[in-house]
Amino acid sequence: MPTEAPKEAALEALERARQFQPEIAAIRRDIHANPELGMEEYRTAELVARKLEEWGIEVHRGVGKTGVVGVLRSGNGDSAVGLRADMDALPIQEATGLPHASTRPGLMHACGHDGHTATLLGAAKYLAETRNFNGTVNFIFQPAEEGLGGAEAMLKDGLFERFPCNYVYGMHNRPGLDVGKFIIGKGVRMAGGAFFDITITGRGAHGARPQESIDPVVVACHLGAALQSVVARNISANDQAVLSITKIQAGDAYNVIPERAVMSGTARTLKREVMETIEQRMKQLSVNIAEGFGATAEVDFRFLFAPLVNDDAEAEVYGDAAAELVGEENLNRNAAPAAASEDFSFMLERVPGAHINFGNGASAAVHNDRYDFNDDSIPYAVALFSRIVEKKLPKGA
Ligand SMILES: [Zn+2]
Ligand SMILES: [Zn+2]
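The model shown is predicted, which means the values in this text are computed figures rather than measured ones.

## Here's the deal with the nonpolar core
Membership of the largest hydrophobic core comes to 62 residues, with the highest contact counts inside it found for Leu83, Phe139 and Tyr318. The element best represented in this core is helix 11 (residues 378–392), accounting for nine residues. Excluding residues within four positions of it along the chain, Tyr318 makes contact with Tyr169, Gly170, Met171, Ile184, Ala354, His355, Ile356, Leu384, Phe385 and Ile388. Counting 28 residues, the second largest nonpolar core, distinct from the first, contains Ala226, Met275, Ile278 and Ala290.

## Details of helix 7 (residues 216–234)
Spanning 19 residues, helix 7 covers 26 Å between terminal C-alpha atoms, matching the ideal 27 Å at 1.5 Å per step. Turning to helix 7, its buried residues are Pro216, Val219, Ala220, Leu223, Gly224, Ala226, Leu227 and Val230. Of the surrounding secondary structure, the elements contacted by the buried residues of helix 7 are strand 8 (192–201), strand 10 (241–250), strand 11 (256–257), strand 12 (260–269) and helix 8 (272–292). Sitting at the amino-terminal end of helix 7 is Asp215, which places a side-chain oxygen 2.8 Å from the backbone nitrogen of Val217.

## Brief notes about the coordination of the zinc ion (ligand 1)
Taken together, Cys111 (SG), Glu146 (OE), Glu146 (OE) and His367 (NE2) make up the full set of protein donors to the zinc ion (ligand 1), lying 2.0 to 2.7 Å away. Taken together, the four donor atoms surrounding the zinc ion (ligand 1) define angles of 53 to 153° at the centre, an arrangement classified as irregular. Read from N- to C-terminus, the donor residues coordinating the zinc ion (ligand 1) fall into the pattern C-x34-E-x220-H. In this structure, the zinc ion (ligand 1) is positioned 3.1 Å from the zinc ion (ligand 2), and both are ligated by Cys111. A residue pair is termed long-range when its members are at least 10 positions apart, and Cys111 in the loop between strand 3 (80–86) and helix 4 (113–130) and Glu146 in the loop between strand 4 (135–142) and helix 5 (150–156) qualify at 35 residues.

## Examining the environment of Gly115
One can find Gly115 in helix 4. For Gly115, a relative accessible area of 0% translates into the label buried. Gly115 sits 29 residues away from Asp86 along the chain, and the two C-alpha atoms are 9.2 Å apart. Setting aside its immediate chain neighbours within four residues, Gly115 contacts Arg28 and Phe373.

## Considerations on the side chain of Glu324
Inspection of the secondary structure puts Glu324 in helix 9 (residues 312–326). For Glu324, the side chain forms a polar contact with the side chain of Lys391, separated by 2.7 Å. Setting aside its immediate chain neighbours within four residues, Glu324 contacts Pro6, Lys7, Ala10, Leu11, Arg387 and Lys391.

## Let's talk about the side chain of Ser345
Of note, Ser345 is situated in helix 10 (residues 345–350). Setting aside its immediate chain neighbours within four residues, Ser345 contacts Phe305, Ala306, Pro307 and Leu308.

## A short note on the coordination of the zinc ion (ligand 2)
For the zinc ion (ligand 2), the full set of protein donor atoms is Cys111 (SG), His113 (NE2) and His172 (NE2), and the range of their distances to it is 2.1 to 2.3 Å. For the zinc ion (ligand 2), all donor residues lie on one chain, and their spacing in sequence is C-x1-H-x58-H.

## Observations regarding the packing of helix 1 (residues 6–19) against helix 9
In a pair of packed helices, the angle between the axes and the distance between the axes together describe the arrangement. Where helix 1 contacts helix 9, the two axes come as close as 8 Å, and the packing angle between them is 70°. By the criterion of interaxial angle, the relationship of helix 1 to helix 9 is roughly perpendicular. Only Ala323, Glu324 and Leu325 of helix 9 make contact with helix 1, whose side of the interface consists of Pro6, Lys7, Ala10, Leu11 and Leu14.

## Focus on the pattern of salt bridges
What the rule picks out here adds up to 35 salt bridges. Residue Asp178 pairs with Lys181 through a salt bridge whose shortest N-O separation is 4.0 Å. Here Glu324 and Arg387 are joined by a salt bridge, their closest N and O atoms 3.5 Å apart. Highlighted residues: Glu324 in helix 9 and Arg387 in helix 11, separated in sequence by 63 residues. Just as Glu324 is buried, Arg387 falls in that class too.

## Some details on the sheet that holds strand 4
Reading across the sheet, the eight strands line up as 1-2-4-3-5-16-6-15 and stay open at both edges, with mixed pairing between neighbours. Of all the strands in the sheet, just strand 1 (58–61) and strand 15 (331–332) have a single pairing partner and so form its edges. As paired elements, strand 5 (residues 167–174) and strand 16 (residues 353–359) share seven bridges and run parallel to each other. Bridge pairing in strand 16 links Asn173 to Phe358. Against the sheet, helix 9 engages strand 5, strand 6 (182–183), strand 15 and strand 16, with an angle of about 30° to strand 16.

Conventions adopted
- Residues numbered from 1 in each chain as written.
- Chains lettered and ligands numbered in written order.
- Predicted model: local features only at pLDDT ≥ 70, side-chain atom pairs only at ≥ 80, totals over all residues.
- Heavy atoms only, no water.
- Core = buried A, V, L, I, M, F, W, Y, C linked by side-chain atoms within 4.5 Å.
- Buried < 20%, exposed > 50% of the residue type's maximum accessible area, 1.4 Å probe, protein only.
- Helix = DSSP H or I, 4+ residues; strand = E, 2+ residues; numbered from the N terminus.
- Contact = heavy atoms within 4.5 Å.
- Expected span 1.5 Å × (residues − 1).
- Polar contact = N/O pair within 3.5 Å; in protein donor to acceptor, adjacent residues only side chain to side chain.
- Donors = N, O, S within 2.8 Å, 3.2 Å for Na, K, Ca; no water.
- Tetrahedral: all angles 85-135°; square planar, octahedral: opposite > 155°, others 65-115°.
- Axes fitted to C-alpha atoms, helices over the stretch in contact; angles between N-to-C directions.
- Parallel < 35°, antiparallel > 145°, perpendicular 65-115°, else oblique.
- Salt bridge = Lys/Arg side-chain N within 4 Å of Asp/Glu carboxyl O.
- Pairing = 2+ DSSP bridges.

Here is the structure:
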């Protein structure tokens, strides 16, 4: 049997995905109306598991607490592709006024993870029905992408040991980009991010008797200035880094020297090593400056997002799959890296793969209370996930 030309196969995939778009859109709106915070996605995870089972896919619940993995095998090939979506919502009061708006006060799907979950379900349905591949597909439904460590929770729970993958792919919607368009690039695509809290403990006293105190506010002032030297003096001019102190909290009164001061903020880098340098220098400066004043400092440095780095070869193949669907003119293969972060990066540190953005049309920005996922983008996202599997696990290979 002659292999179908990629372009024809892509258009067939798009047509099939269009046919069941209403079914997937209904699932998406159901998830949207019932948002759940990271690590609390019990209803969403159960909905995902039941749909996968309905389509004859092997289901593993509770991977990384509320994560779900579906396993679909076809033929005798021993290669495996992982497809990943995130499931969590945000603590935002929805203001869209839409019929499918959140029914839970103070919670909303403002980043489109409802759409990501639904489109990965769409790809599962497509691949379970067509089975036009040889090998294994692992559908990875991840909890808690929004800074709550969902990717790492799944990895610590043995994601890639229990469900080995040769390649892994992810995607995120992009407001402001037309539906049916894609953005991808090679190498570093998104910044790594960390949050930190530095707790300085001194000794409280009357504001008029400073000689009886060890003033944590004075320590914080010196430390705040000293920390600005980290990016300026410890990071190469060839690397990019941001270190921002965004909160300083100490004291409640005009005449009381407090016992404690807490400084918090964020660091962003495009390389993991650079983040490690920042953490190490921050700890050294904090502990030693505090000690110089007779106080102590404790640093809680939380590395929430590794920089997201696409494998060059996989970005190329993923881009090819997108171009076959929508034409090279609707794909930007050389987009600049984004300052935002995404914890799919931790999976890409373990397994070669790539992350792509697809157009959400003229919607509000993500994390805005008027944002909504665009259901018109479903066929494109479903078809791309399905086609990358067909390309990486070809029949007859
Ligand atoms: Zn988000
Ligand atoms: Zn997101």
